[in-house]
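Structure at a glance
Chain residues, written in single-letter form:
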Amino acid sequence: MQHNKVLILDFGSQYTQLIARRVRELNIYCEIHPFNKIPNNVEEYKAVVLSGSPFSVRGENALHPDLSKIRGKKPLLAVCYGAQYLAHFSGGEVAPSNTREYGRANLSFVKSDEAFFENINKGSQVWMSHSDTIKNLPTNGVLLASTNDVQNAAYKIEGEDTYAIQFHPEVYHSTDGKQLLENFLVHIAKVEQDWTPQSFVEETVEDLQTKLGNDRVVLGLSGGVDSSVAAMLLHKAIGENLYCIFVNNGLLRKNEFTDVLEQYKGMGLNVKGVDASTRFLDALAGLSDPEEKRKAIGRVFIEVFDDEAHEISDVKWLAQGTIYPDVIESVSATGGPSATIKSHHNVGGLPDFMKLRIVEPLKALFKDEVRRVGASMDMDATLLGRHPFPGPGLAIRILGDITAEKVRILQEVDAVFINGLKEWNLYDKVWQAGAILLPVNSVGVMGDERTYEKCVALRAVESTDGMTADWVNLPYEFLQKTSNDIINKVKGVNRVVYDISSKPPATIEWE
């Protein structure tokens, strides 16, 4: 990408990805790299951001970046751990905090004539998340902001374009966080705001044409936003050399296999439907561990694609709709020290026996960016507005082992829930919704008779990118009707509960 780029160095914070999201919202391209793997072409980046970290700069395992090519040579913004690092190892002092410094706080002092705080006033709410605090500023440090409990909440280094903040501007609770990032990146670092959906499409299509040439590509379509947008980008780049395969893994929503195939008619794509449901269910037989289920599904997907690829002569590439959160959660923020949350079936490469190379045109995008890219290509709004659906399908919404009967039950429950959201005009107000079949039975009464049947949990969240999410406060009347419809219409279910957990600490899916 020939853009003004911003480099984000990851020290293991779960907020690192949110920094990237906020920077992208400013129409500025950015990349996350581990703190100890600084790109060799660092001179090509217009500015650098240091993330937070679960580590302490005072500990023996403190993370030490090599800033020799950055400090004093590039505009630098140090967030939380980064701010403490600059202070602790540059003549200042960092010590354990005597007061709790986690959660909302308000700026009690702001150096108003400083460009870094332009349009940000005293009283602005910020989000703190740290156990250490900066007692003394580093050499040539100039105080820029304080809160009631944190004296050195923000500072700059005299003679450098180096700024440091103890709070997190990337989180929603820092009300002027986006303004602060804009002040630093646009007004101080002079980064141009040229990262747009249109520019992404133009450059990606050109890159794909160069990379793929006249090679043939096979793509696994899921019916969702990611694979559909990936297909359209590839179609723009290589046309008839793209072969799309939509696989019925037996774990789709009710009637989804036929509905999705119908949906793709008229989009100009070459799509083949493959019913491999029995093959997937056989591979899942007896498996209860969620990671084992994901890996089994990923293995069979590869096998199915390999079989289908052999039906097409001279196929050299396998395309996937992998997006940035998939990569982040699977490989710890591109190899940094942050914790791996879960593996994704379409992340991690191909087995040796498969002779296809991988192409992932959306690998650098967040979900909302994927939707904007699709809209810029005039894709159908209904398709782009479709809720995310996990690659492993209902297998990770059935807790425990998988059977055809459990799949049937969950498909029926899911259909009642999703159709209800659409009928009540709630679907577009929810980012993702689904039902989970729990591995427990509960006692009930139907027709004066005792029942002992399954319990299902309904889940609906609001989010922008899937990295964080809040549960949706659906109307009681809707939940009441949905519960009654599920219990009355779906044989085998006698209890319905609603999940009111947010991410974090929970994840959106239960497995």
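Residues numbered from 1 in each chain as written. Predicted model: local features only at pLDDT ≥ 70, side-chain atom pairs only at ≥ 80, totals over all residues. Heavy atoms only, no water.

**Observations regarding helix α5 (residues 225-238)**
- Taking 1.5 Å per residue as the helical rise, α5 with its 14 residues ought to reach 20 Å, and the 20 Å between its terminal C-alpha atoms agrees with that figure.
- Among the 14 residues in α5, 12 count as buried, and that is most of the element.
- When α5 is considered as a whole, its buried residues turn out to be Val225, Asp226, Ser227, Ser228, Val229, Ala230, Ala231, Met232, Leu233, Leu234, Ala237 and Ile238.
- Contacts made by the buried residues of α5 are with α4 (197-212), β10 (216-221), β11 (242-248), β13 (315-319), α10 (367-376) and α11 (381-384).
- Among the residues trailing α5, Gly239 stands out with phi positive, at a value near 55 degrees. (Helix = DSSP H or I, 4+ residues; strand = E, 2+ residues; numbered from the N terminus. Expected span 1.5 Å × (residues − 1). Buried < 20%, exposed > 50% of the residue type's maximum accessible area, 1.4 Å probe, protein only. Contact = heavy atoms within 4.5 Å.)

**Remarks on the packing of helix α7 (residues 277-284) against helix α8 (residues 290-309)**
- Running from N to C, α7 and α8 point in directions that differ by 145 degrees, and their axes come no closer than 9 Å. Crossing geometry of α7 relative to α8 is assigned as right-handed. Of α8, the residues touching α7 (which contributes Arg279, Phe280, Ala283 and Leu284) are Lys293, Ala296, Ile297, Arg299, Val300, Phe301, Glu303, Val304 and Asp307.
- Looking at the contact of α7 with α8 residue by residue, the classes come out as eight nonpolar, no polar and five charged. (Axes fitted to C-alpha atoms, helices over the stretch in contact; angles between N-to-C directions. Left-handed = near helix turned anticlockwise from the far one by under 90°. Nonpolar A, V, L, I, M, F, W, Y, C, P; charged D, E, K, R; others polar.)

**Here's the deal with the sheet that holds β10**
- The strand order β12-β11-β10-β13-β14 describes an open sheet built from five strands, whose pairing is parallel. Unpaired on one side and paired on the other, β12 (271-275) and β14 (357-359) mark the two borders of the sheet. Strand-to-strand, the axes of this sheet are offset by a mean angle of 30 degrees, without reference to chain direction.
- Judged from the four bridges that link them, β10 and β13 form a sheet pairing that is parallel. From the neighbouring strand, Val218 faces β13, where its bridge partner is Leu318.
- Packing of α8 onto the sheet brings it into contact with β10, β11, β12 and β13, and relative to β11 it is tilted by some 135 degrees. (Pairing = 2+ DSSP bridges.)

**Things to note about the pairing of strand β4 (residues 76-79)**
- Judged by which residues are buried, β4 turns out to be covered on both faces: Leu76 and Ala78 on one side and Leu77 and Val79 on the other are all buried.
- Inspection of the sheet shows strand β3 (residues 45-50) paired to β4 by three bridges, in the parallel sense. In the strand pairing of β4, Val48 is matched with Leu76.
- Of the pairings in the sheet, the one linking β4 to strand β9 (residues 162-165) comprises four bridges and is parallel in character. Bridging from a neighbouring strand, Leu76 pairs with Thr162 of β9.

**Details of the packing of helix α12 (residues 404-423) against helix α13 (residues 476-489)**
- Viewed as axis vectors pointing N to C, α12 and α13 meet at an angle of 150 degrees, and their least axial separation amounts to 10 Å. The angle between α12 and α13 falls in the class roughly antiparallel. The crossing of α12 and α13 is right-handed. Where α12 approaches α13, its residues Val413, Val416, Phe417, Gly420 and Leu421 are matched on the opposing element by Phe478, Thr482, Asp485 and Ile486.
- By residue class, the composition of the contact of α12 with α13 is six nonpolar, two polar and one charged. (Parallel < 35°, antiparallel > 145°, perpendicular 65-115°, else oblique.)

**Quick notes on the confidence of the model for the protein**
- When pLDDT is averaged across the protein, the result is 89; 93% of the residues are at 70 or more.
- Low confidence marks residues 330-349, where pLDDT is under 50. Its contacts with residues over four positions away, or in another chain, come to 62 contacts. (pLDDT = per-residue confidence, 0-100.)

**Focus: helix α1 (residues 16-25)**
- Where burial is concerned, most of α1 is hidden: nine out of the 10 residues are buried.
- Inspection of α1 places Thr16, Gln17, Leu18, Ile19, Ala20, Arg21, Arg22, Val23 and Arg24 among the buried residues, and these make up the whole buried set.
- After α1 finishes, the residue Asn27 shows a positive phi value of roughly 60 degrees.

**Looking at the pairing of β10**
- Within β10, five of the six residues are buried, leaving the element largely enclosed by the surrounding structure.
- As judged from the five bridges shared by β10 and β11, these two strands associate in the parallel manner. Bridge assignment links Gly220 to a residue of β11, and that residue is Ile245.
- One crossover worth recording links β10 to the parallel β11 by way of α5, and it is right-handed. (Right-handed = clockwise from strand over helix to strand, strands pointing away.)

**Describing the UniProt feature "binding site: ATP" (unreviewed entry) in the protein**
- As annotated by UniProt and renumbered to match this structure, "binding site: ATP" (unreviewed entry) occupies Ser222, Gly223, Gly224, Val225, Asp226, Ser227 and Ser228.
- Along the chain, Gly224 falls in the loop between β10 and α5.
- A relative accessible area of 15% means that Gly224 is categorised as buried.
- The residues contacting Gly224, other than those within four sequence positions of it, are Tyr264, Leu383 and Arg386.
- Checked against the element boundaries, Ser228 lands in helix α5.
- Setting aside its immediate chain neighbours within four residues, Ser228 contacts Leu221, Gly223, Tyr264, Met379 and Leu383. (UniProt positions renumbered as here; feature names shortened; annotations may be inferred.)

**Description of the nonpolar core**
- Counting 52 residues, the largest nonpolar core has Val247, Val413, Leu421, Leu474 and Ile486 as its most contacted members.
- With residues up to four places along the chain from it excluded, the contact list for Val413 reads Ala435, Val456, Leu458, Ile486, Val490 and Val493.
- Membership of the second largest hydrophobic core comes to 44 residues, among which are Ile8, Phe116, Met128 and Ile165. (Core = buried A, V, L, I, M, F, W, Y, C linked by side-chain atoms within 4.5 Å.)

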